[in-house]
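Examining the three-dimensional arrangement
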Amino acid sequence: MASILDEYEDSLYRSASVQPSRATVGIPHSGYVNARLEKETPIFNKQRIDFAPPEKINSLVVSSNQLCMSLGKDTLLRIDLGKPDEPNQVELGRKDEAKVYKMFLDHTGSHLLIALNTSECLYLNRSVQKVRALSRWKGHLIESVGWNKFLGSETNTGPILVGTAQGQIYEAEISVSEGSLFSTNPDQYFRQVYTLEEESGPAPVCCLEIERGIEGKFFIIATTRKRLFQFVGKVPEGTEQQGFGCIFAMHADHLPSFREFPASFGFSEIAFYTPKLRSNPRSFAWMMGNGVLYGTLDYSRPDSILSDERVWVYPSDIDITVNKPISIVLTQFHFLLLLPDGVKAVCTLNGQIVFQDLFLEKFGTLTRMIKDPTVQQIWIHTEKVVFRYHVQRESRDVWKMYMNMNKFDLAKEYCKDRPECLDIVLAKEAEHCFQNKRYLDSAKCYALTQNYFEEIALKFIEAKQEEALMEFLIKKLSNLKPSEKTQTTLLTTWLTELYLNWLGILEGDPSKRNLYLDTREKFRTFLGSPKNKDCLFNNRASIYELLASHGDTEHMVYFAVIMQDYERVVAHHCQHDEYDEALSVLSRHRDEKLFYKFSPVLIQHIPKKVVDAWISMGSRLDARNLIPALVNYSQSASTQQINEAIRYMEFCVYQLEETQQAIHNYLLSLYALCRPDSLLSYLEQAGTNPNRIHYDLKYALRLCAEHGHHRACVHIYKVMELYEEAVDLALQVDVDLAKSCADLPEDDEELRKKLWLKIARHVVQEEKDVKKAMACLSSCALLKIEDVLPFFPDFVTIDHFKEAICNSLEDYNKHIEELKREMEEATQSAKRIREDIQEMRNKYGSVEPQEKCAACDFPLLNRPFYLFLCGHMFHYDCLLQAVFSNLPAYKQAKLEDLQKKLAATSQPSKSHHRPKDADTASLGKGQQSREQIKADIDDIVAAECVYCGELMIRSIDKPFIDPQKYEEEMQSWL
């Protein structure tokens, strides 16, 4: 018995080992791998289980990896396919001639019902070893069981439906007690709920299926030999454990909906396909006399869940009178028919036989075919042999069928992981749409294929479908890689040309206004696409040429904005006298270079707005670059318009605090031309310090002189310190202005007097005003009456300036008395100085024999020494050493020079033949020079005490130990 389990493991191993490895092949230029290079394996791969049963196999069921097999008369073999090494054999314990008629295993593999040909039924739970008879079921030949997939458990089946050979449907429940398994009967109840009939009376219940839809609605499917019944209804909430009697009660007075077919071969069988475990079935296949009724299950329908039904007639080689089908199994796309001598697989999409497998006669007649929905394995057995089919990649060719059925969405769904197949589907769909004149859809599909680009483009051109061609190019462009720059450039340029052509056609047709607007929006979206930005930017010259050739200035401006080519945008607005729009673009993007370029044009038409824009730019603009625009504008504009130029220049000078001379000079020229009052205030505000004035003084002087602004000229003369010119020009304007200029040279009294004399001469000779001339005398203390008298004419009487003459004489007297007093004080000071000198000559100091030098602490009298009034005494050489290091460099040099001269005068004469008188004269002359040298040395060395004078004060920040000798001094202390 263990050989079947060993074979199961071996077959799994062989199945895994025979899987061909993918060959490593080069990828061709299309980007697809040829699918034929991979070895194709059959969809339904049969394997024989190497198992020789000791007795014939009566029945076999599989569910949830649990296999149950009836052998001979009294043996039952149970195998958990997850643990194939632990088979379980159970004896039925029957002594009579009863045989197993059918077996039914629930969806969990926990509950096994064994129907006997003696109209009895046995029950075996997966967790027990003993078979239990169901006494309430006795007398009924069980044909089918509808398991409850919603309330069942491992110990309780929940309400289930049982179909008999007499056409009755019973509701039953089987439960195994937790403590003592057989202390009570396992069958809780067994009651009839309905009887199925055909035209001839009650008919066997071939199949039962219970499904639950949405909103708690239950669907019960029951089949006879020729009819398929549906019972639909709701079980009241909370009464699910009470069973399905209420659903059948609804049809007590009338027949439920059913499908009937005339032919019959004595039985029928229905199969369901469930895509996932614990989910509802999605399709069904009912094998009956006329063929196979196939359809899908739609749980949203109110009265019937059967949908998309169609009947596939049996193939011509199947004669239902001789080799009628025995069983049916449904997979995702196929149903398999079990015949006495083989298996045929029919595709549910087109009804074609895609697989057939014949069995040798030595295996015997095929008995039953079943499917385990959890592992998608199909089992077939005869009385002597067991076979298993593995379903492998069932959907591999489904895409072709859907494609041939023109169900392209489904075809693409089933080949989305196979690009070579997907390309075929897309090409087929594109061709189909093209033939049906759905050109836009065709273009979208063609763009995703690998078909030749030129061939497709010519196809749309020949059909005169520019809109579809554009769609094709757009999709093709979106699929290009960034590295395919040449293709991107070609498509981008072509699309631009097509859009412009199409817009030109639509624009001339008022009835297509909405289409024109939509197309324009698409074109603008295309131009503004981030993916196309680089390509458009690199080829913007070509795009501009295309736009210009079509005369589409609107989109030329739009494209220029996208490309940030604002120069072209502003130039376009200026050419069309749209100056406000041009300025708006400049203000929005704030490009300094564009301001410099277009300001000369804009300021001629909208000066105030342009100046406002300049001011808003602030320091980002260099006002020097705007001066040419202002100069050109101011030469042809009125005074009111020139004020705008002045406004901007004032903003630069006062707000931005510009110091560029050109800006200040230009502002001066504008002031001189239109605002003389502002000119003088500007000059005064600039100040009188030439180093802090930003305008050109000579240019300003010439400018003011040309326009006759004398006061401004006087101010500039004052700044230039040309006081005589300032006074001369001021006398032509105002005497008081001249007076203010005359007092400016404060450090040069002679010049001030000269300037005041100019004023006095002007007052006397030009204005002939004696009183004002006298006022000049009082304003300047440097002027005397005698300075002014020569300017008066001879006929002027003394009475006019008698008072001035008297005042002058009094001043002279006061000055004479002051000089006398100063002379007497000087005489007294000289007398005191002579007395002090005489006193100093007679002053002396005494030195004791034991006195020591303050520097070396040796006896003082041993060597020449110095005695200071403070009491400090130093040897000559000690004082020289202390003073020398603190002297300035030039004094050190002078002292060394004096010492050398002193040494030279002390050497004896080398000549022995001089006359005596000559020697005496030379000695006297040398003695005098030596004394002078000593005096000079004393003036340097002994000018002050080295401890009490300034030398000590200046050396206060010097270290006590020379830094260069610090280490040596420190070592001496160790």
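Summarised in this report is the structure supplied together with it. (Residues numbered from 1 in each chain as written. Predicted model: local features only at pLDDT ≥ 70, side-chain atom pairs only at ≥ 80, totals over all residues. Heavy atoms only, no water.)

Attention shifts here to the overall build of the protein. Looking only at helices and strands, the protein has 34 helices and 32 strands in total. Classification of the 974 residues of the protein by burial places 43% in the buried group. Of all intrachain contacts in the protein linking residues separated by at least 6 positions in sequence, the fraction that spans at least 24 positions is 51%. (Helix = DSSP H or I, 4+ residues; strand = E, 2+ residues; numbered from the N terminus. Buried < 20%, exposed > 50% of the residue type's maximum accessible area, 1.4 Å probe, protein only. Contact = heavy atoms within 4.5 Å.)

Let's shift gears to the sheet that holds strand β1 (residues 44-49). The strand order β1-β30-β29-β28 describes an open sheet built from four strands, whose pairing is antiparallel. The strands lining the two open edges of the sheet, one partner per strand, are β1 and β28 (368-372). Taking the axes of each pair of neighbouring strands and ignoring which way they run, one obtains an average angle of 25 degrees across the sheet. Two strands pair when backbone bridges link them, and strand β29 (residues 377-381) and strand β30 (residues 386-391) are joined in this way by five bridges, in the antiparallel orientation. From the neighbouring strand, I380 faces β30, where its bridge partner is F387. (Pairing = 2+ DSSP bridges. Axes fitted to C-alpha atoms, helices over the stretch in contact; angles between N-to-C directions.)

Every regular strand shows the same layout, with side chains that alternate between the two sheet faces. Strand β20 (residues 269-273) sits mainly inside the fold: five of its five residues count as buried. Neither face of β20 is exposed, since E269, A271 and Y273 on one face and I270 and F272 on the opposite face are all buried. Bridge count for β20 against strand β21 (residues 283-288) is five bridges, and the pairing is antiparallel. Pairing of I270 across the sheet is with W286, part of β21.

Locating T382 in the fold gives a position in the loop between β29 and β30. Residue T382 is classed as buried on the basis of its relative accessible area, which comes to 0%. Put simply, T382 and G364 are 18 residues apart on the chain and 6.1 Å apart in space, counted from C-alpha to C-alpha. Only 3.1 Å separates the side chain of T382 from the backbone nitrogen of K384, close enough to count as a polar contact. (Polar contact = N/O pair within 3.5 Å; in protein donor to acceptor, adjacent residues only side chain to side chain.)

A few words now on helix α5 (residues 419-435). Taking 1.5 Å of rise per residue, the 17 residues of α5 would be expected to cover 24 Å, and the 24 Å separating its terminal C-alpha atoms lies within 8% of that figure. Residues of α5 that are buried include every one of E420, C421, D423, V425, L426, A427, E429, A430, C433 and F434, and no others. Those residues of α5 that are buried are in contact with α3 (398-404), α4 (408-413), α6 (439-446) and α7 (453-462). The first or second residue beyond α5 is K437, which carries a positive phi of 60 degrees. (Expected span 1.5 Å × (residues − 1).)

This part covers the packing of aromatic side chains. Tallied over the entire structure, the rule returns 31 aromatic pairs. Taking the centre distance of 5.8 Å and the plane angle of 15 degrees together, the rings of Y402 and Y414 count as stacked. Residue Y402 is found in helix α3, and its partner Y414 is found in the loop between α4 and α5; the two are separated by twelve residues along the sequence. By relative accessible area, which is 26% here, Y414 ends up partly exposed. The interplanar angle of 70 degrees and the centroid separation of 6.0 Å between the aromatic rings of F868 and F874 together place this pair among those described as edge-to-face. Looking at F868, the relative accessible area reads 12%, which means it is buried. In this arrangement the basic side chain of R191 is found over the ring face of Y189, its NZ or CZ atom lying 4.1 Å from the centre. Over the ring of F434 we find K459; its NZ or CZ atom is 4.8 Å from the centre of that ring. (Phe/Tyr/Trp six-rings, centres within 6.5 Å; stacked < 30°, edge-to-face > 60°. Lys NZ or Arg CZ within 6 Å of the ring centre and 35° of its normal.)

The next thing to look at is the packing of helix α23 (residues 710-719) against helix α24 (residues 723-731). Two elements in contact, α23 and α24, have axes whose closest approach is 8 Å; the angle formed by their N-to-C orientations is 165 degrees. Viewed along their axes, α23 and α24 adopt a mutual orientation that is roughly antiparallel. At the point where α23 passes α24, the crossing takes the left-handed sense. Counting all contacts with α23, which are made through H710, C713, V714, Y717 and K718, the residues of α24 involved are Y723, E725, A726, L729 and A730. (Parallel < 35°, antiparallel > 145°, perpendicular 65-115°, else oblique. Left-handed = near helix turned anticlockwise from the far one by under 90°.)

This paragraph deals with helix α20 (residues 661-674). For α20, which comprises 14 residues, the first-to-last C-alpha distance of 20 Å matches the rise-based estimate of 20 Å (1.5 Å per residue) to within 8%. Counting buried residues along α20, ten of its 14 residues qualify, which places the element largely inside the surrounding structure. Among the residues of α20, those classed as buried are I663, H664, N665, Y666, L667, L668, S669, L670, Y671 and A672.

Core analysis: the biggest nonpolar cluster contains 108 residues, and F460, F472, L602, W614, Y648 and M649 have the highest contact counts within it. In contact with F460, not counting residues within four places along its chain, are F434, Y439, S442, A443, Y446, Q465, A468, L469 and F472. The next biggest cluster of nonpolar side chains, apart from the first, holds 22 residues, and it includes F868, L880, I940 and C945. (Core = buried A, V, L, I, M, F, W, Y, C linked by side-chain atoms within 4.5 Å.)

If you walk across this open sheet you meet the four strands as β24-β25-β26-β27, and the pairing is antiparallel. Two strands close off the open sheet at either side, each with one partner strand: β24 (327-330) and β27 (353-358). With direction set aside, neighbouring strand axes in the sheet form an average angle of 15 degrees. As paired strands, β24 and strand β25 (residues 334-339) are joined by four bridges and run antiparallel to one another. Its bridge partner lying in β25, S327 is registered against L338.

With that settled, the discussion passes to the pattern of salt bridges. Counted according to the given criterion, the structure contains 28 salt bridges. Note that R136 and D187 form a salt bridge whose closest N and O atoms lie 3.7 Å from each other. With R136 in the loop between β9 (132-133) and β10 (142-146) and D187 in strand β13 (residues 187-195), this pair connects stretches of sequence that are 51 residues apart. For R136, a relative accessible area of 40% corresponds to the partly exposed category. D187 gets classed as buried once you look at its relative accessible area, which sits at 1%. Within this structure, K608, D612, E644 and R647 form a network of salt bridges that share partners. (Salt bridge = Lys/Arg side-chain N within 4 Å of Asp/Glu carboxyl O.)

Interhelical geometry of helix α15 (residues 579-589) versus helix α17 (residues 607-617) gives an angle of 0 degrees and a closest axis separation of 11 Å. When the axis of α15 is compared with that of α17, the two are roughly parallel. Every residue of α17 that contacts α15 at D580, L583 and S587 is listed here: K609, V610 and A613. Of the residues contributing to the contact of α15 with α17, the split by class is three nonpolar, one polar and two charged. (Nonpolar A, V, L, I, M, F, W, Y, C, P; charged D, E, K, R; others polar.)

Among the structural elements, S63 can be located in strand β2 (residues 57-63). In terms of polar contacts, S63 uses its side chain to reach the backbone carbonyl oxygen of D106, at 2.9 Å. In contact with S63, other than residues within four places in its own chain, are L105, D106, H107, T108, G109 and D372.

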